[in-house]
Amino acid sequence: MLLSCGDALIDFVPTKSAEGREAVMPAVGGSCLNVAIGMARLGAPTGFVGGISTDLFGRMIADHASASHVALDLATRSEHQTTLAFVRIVAGESHYAFYDAETATRSWTYRRGTIPFADVEVVHVGSTTLVNDQGAAETRALIADARALSTISFDPNCRPNLVKDKPAYLARMAEFAKQADLIKMSDVDFAYLYGEEPYQRRASGLLGQGTSLVVITRGNNGAIAWHAAAGQIEVAAPQVVVADTIGAGDSFQAALLFALHKQGCLVREGLKQISADELRRALSFAANCAGLTCTRPGADPPWSHEVKWSL
């Protein structure tokens, strides 16, 4: 099984009313839930670990996940309200306003001993769950239990408007990076975390501390990856008509993990030994899945029958 642990929320995405006025439309989202949705829709056995409310929006989230074949038996349902995020598109980038106090996601606690990690190939973590102290602490505990048996995937998916203490946040992200076998981040995330440091230098440092694969997505400029054995690999982004970029990075992450799973390269030793050709095919598959997500509004990863690119 592939697991994704973290945030599940409702995005209010921009649209137009019948009269042409600005409006918003609710859509199920949350980076880590999106990753779970993406992996499951492509055909991988997938579960989600995190807090989901029993309120109206929580039921929307649960129904959406179940319809996409994501197992929710490891999720925690509670009466805490659902996190809401309002989205605006500025210069092609999604900007978020979060309403996240006392929510089901923020109140989530890791139920120790409930996850059969021997049957879990990968545990993916990241995003807004790691901003607050409790979410970060509970995720650390999960990783501590998982790491002996499961590959750890990490995407910081930074949301600067939620960060109150940037130095502390940077230290926290560095801590999670040290525990990760696979790190994916966008160029925007990289700039927030590392400023103008060259990609190659930071990637070399991350590989040197034990990470097997580092990937940076760059929107229309495609993606670039570094691997200790396979070297540096770059793939192009597909040319598509963009509706919005919401969930594109999550779709890339989901498709990359799915591709590695199908290639038999997702377990830790397999990831260390992946060939350059296998990695290039996995990255190209991920880039094309992300491109398809960009052609429709909201976080809407592709289903397997919609994907025309082979591994």
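Placed above this text is the structure.
Predicted, not measured: the structure shown is a model, and the values here were computed from it.

A.B. asks: How should I be thinking about the pairing of strand 3 (residues 22–29) in this particular structure?
C.D. replies: Note on strand geometry: in a regular strand, side chains alternate between the two faces of the sheet. Here strand 2 (residues 9–16) runs beside strand 3; their pairing, made up of eight bridges, is antiparallel. Opposite Lys16, over in strand 3, you have Glu22 as the bridge partner.

A.B. asks: How should empty space enclosed by the protein be read in this particular structure?
C.D. replies: Rolled over the atoms, a probe with the dimensions of a water molecule shows which regions are left empty. One pass over the structure, following the stated rule, counts one cavity of 30 Å³ or more. Empty space within the largest cavity amounts to approximately 40 Å³. Together, Val49, Leu74, Thr76, Trp108, Thr109, Tyr110, Arg111, Thr114 and Ile115 line the largest cavity. Grouping the amino acids of the lining of the largest cavity by side-chain chemistry returns five nonpolar, three polar and one charged.

A.B. asks: Explain the nonpolar core to me, please; I cannot follow it from the model alone.
C.D. replies: Side chains of nonpolar character tend, in soluble globular proteins, to be buried together. In this structure, Ile115, Val123, Leu142 and Phe154 are the most contacted members of the largest nonpolar core, which totals 50 residues. Top element by residues in this core is helix 3 (residues 133–146). It accounts for five residues. Leave out the neighbours within four places in its chain, and Phe154 touches His124, Val125, Gly126, Leu130, Met173, Phe176, Ala177, Ala180, Leu182, Ile183 and Lys184. With 35 residues, the next largest nonpolar core counts Ala44, Phe252, Leu266 and Leu283 among its residues.

A.B. asks: Help me understand unusual backbone geometry in this model?
C.D. replies: With the exception of glycine, most residues fall at negative phi, and the peptide bonds are largely trans. A positive phi angle, near 75 degrees, is found at His69, a position not held by glycine. With respect to the element layout, His69 can be found in the loop between helix 2 (56–67) and strand 6 (70–71).

A.B. asks: Teacher, can you tell me more about the pairing of strand 13 (residues 213–217) here?
C.D. replies: Counting buried positions over the five residues of strand 13 gives five, a clear majority of the element. Across the two faces of strand 13 the burial is the same, with Leu213, Val215 and Thr217 and Val214 and Ile216 all buried. The sheet contact formed by strand 12 (residues 182–186) and strand 13 spans five bridges and is parallel. Across the sheet, residue Leu182 finds its bridge partner in strand 13, namely Leu213. Of the pairings in the sheet, the one linking strand 13 to strand 14 (residues 223–227) comprises five bridges and is antiparallel in character. Pairing of Val215 across the sheet is with Ala225, part of strand 14.

A.B. asks: Got a minute to help me understand the pattern of salt bridges in this structure?
C.D. replies: Per the counting criterion, the structure on display carries 14 salt bridges. The partner of Asp300 in a salt bridge is Arg41, and the shortest N-O contact between them spans 2.7 Å. With Asp300 in the segment after helix 9 (276–294) and Arg41 in helix 1 (residues 31–42), this residue pair connects regions lying 259 residues apart in the sequence. A relative accessible area of 25% places Asp300 in the partly exposed class. Residues Asp100 and Arg106 are paired through a salt bridge, measuring 3.4 Å at the closest nitrogen-oxygen approach. Look at Asp100 and you get buried, because its relative accessible area is 12%. Residues participating in the shared-partner salt-bridge network are Arg41, Arg296, Asp300 and Glu306.

A.B. asks: Explain the packing of aromatic side chains here, please?
C.D. replies: In this description, an aromatic ring pair is defined by two values, namely the gap between the centres and the angle between the planes. Going through the model one piece at a time under the given rule, you end up with eight aromatic pairs. Look at Tyr169 and Tyr192: their rings are 6.1 Å apart centre to centre, the planes differ by 55 degrees, and that puts the pair in the tilted class. Taken together, the positions of Tyr169 in helix 4 (residues 166–178) and Tyr192 in helix 5 (residues 187–194) put the pair 23 residues apart, joining distant regions of the chain. On the accessibility criterion, Tyr169 (4% relative accessible area) is buried. The class of Tyr192 is buried, set by a relative accessible area of 17%. For the ring pair Phe190 and Tyr199, a centre distance of 4.7 Å and an interplane angle of 85 degrees mean the geometry is edge-to-face. The buried category is assigned to Phe190, whose relative accessible area is 2%. One aromatic cluster is present, formed by Phe12, Phe57, Phe86 and Tyr99 through successive ring pairs. The ring of Tyr192 has Lys166 sitting right over it, with the charged end atom 4.1 Å from the ring centre.

So, how was this worked out
Per-chain numbering applies: the sequence of each chain, read as written, is numbered from 1 onward. Local features are withheld for residues below a pLDDT of 70 in this predicted model, meaning they are given only at 70 or higher, and side-chain atom pairs are given and counted only at 80 or more; totals for whole chains, interfaces and linings count all residues. Note that water and hydrogens are dropped before the side-chain values are worked out from all heavy atoms of the structure. When DSSP finds at least two bridges between two strands, those strands are taken to pair. Comment: elements are numbered from the N terminus, with helices defined as DSSP H or I runs of at least four residues and strands as E runs of at least two. Using only the protein atoms, space was sampled on a 1 Å grid; points where a 1.4 Å probe fits but cannot get out form cavities, open sets with protein on both sides within 12 Å along at least five of seven lines form pockets, and lining residues are those with an atom within 4 Å of a point. Grid points are joined across faces, edges and corners, and a volume is the space filled by probe spheres set on the points. Throughout, the ten residues Ala, Val, Leu, Ile, Met, Phe, Trp, Tyr, Cys and Pro are labelled nonpolar, Asp, Glu, Lys and Arg are labelled charged, and all others, Gly among them, are labelled polar. For the purposes of this section, nonpolar cores are sets of buried Ala, Val, Leu, Ile, Met, Phe, Trp, Tyr and Cys residues that join through side-chain atoms within 4.5 Å. Partly exposed describes any residue whose relative accessible area lies between the buried limit of under 20% and the exposed limit of over 50%, with all areas from a 1.4 Å probe on protein chains only and scaled to the type maximum. In what follows, residue pairs with any heavy atoms lying within 4.5 Å of each other are defined as contacts. Salt bridges are defined by distance alone: a side-chain nitrogen of Lys or Arg within 4 Å of a carboxyl oxygen of Asp or Glu. In this scheme Phe, Tyr and Trp rings, the latter by its six-membered ring, pair at centre separations within 6.5 Å, and the angle between planes marks the pair as stacked below 30 degrees, edge-to-face above 60, and tilted otherwise. Criterion for a charge above a ring: Arg CZ or Lys NZ at most 6 Å from the ring centre, at most 35 degrees from the ring normal.

Geometry only, nothing functional implied.
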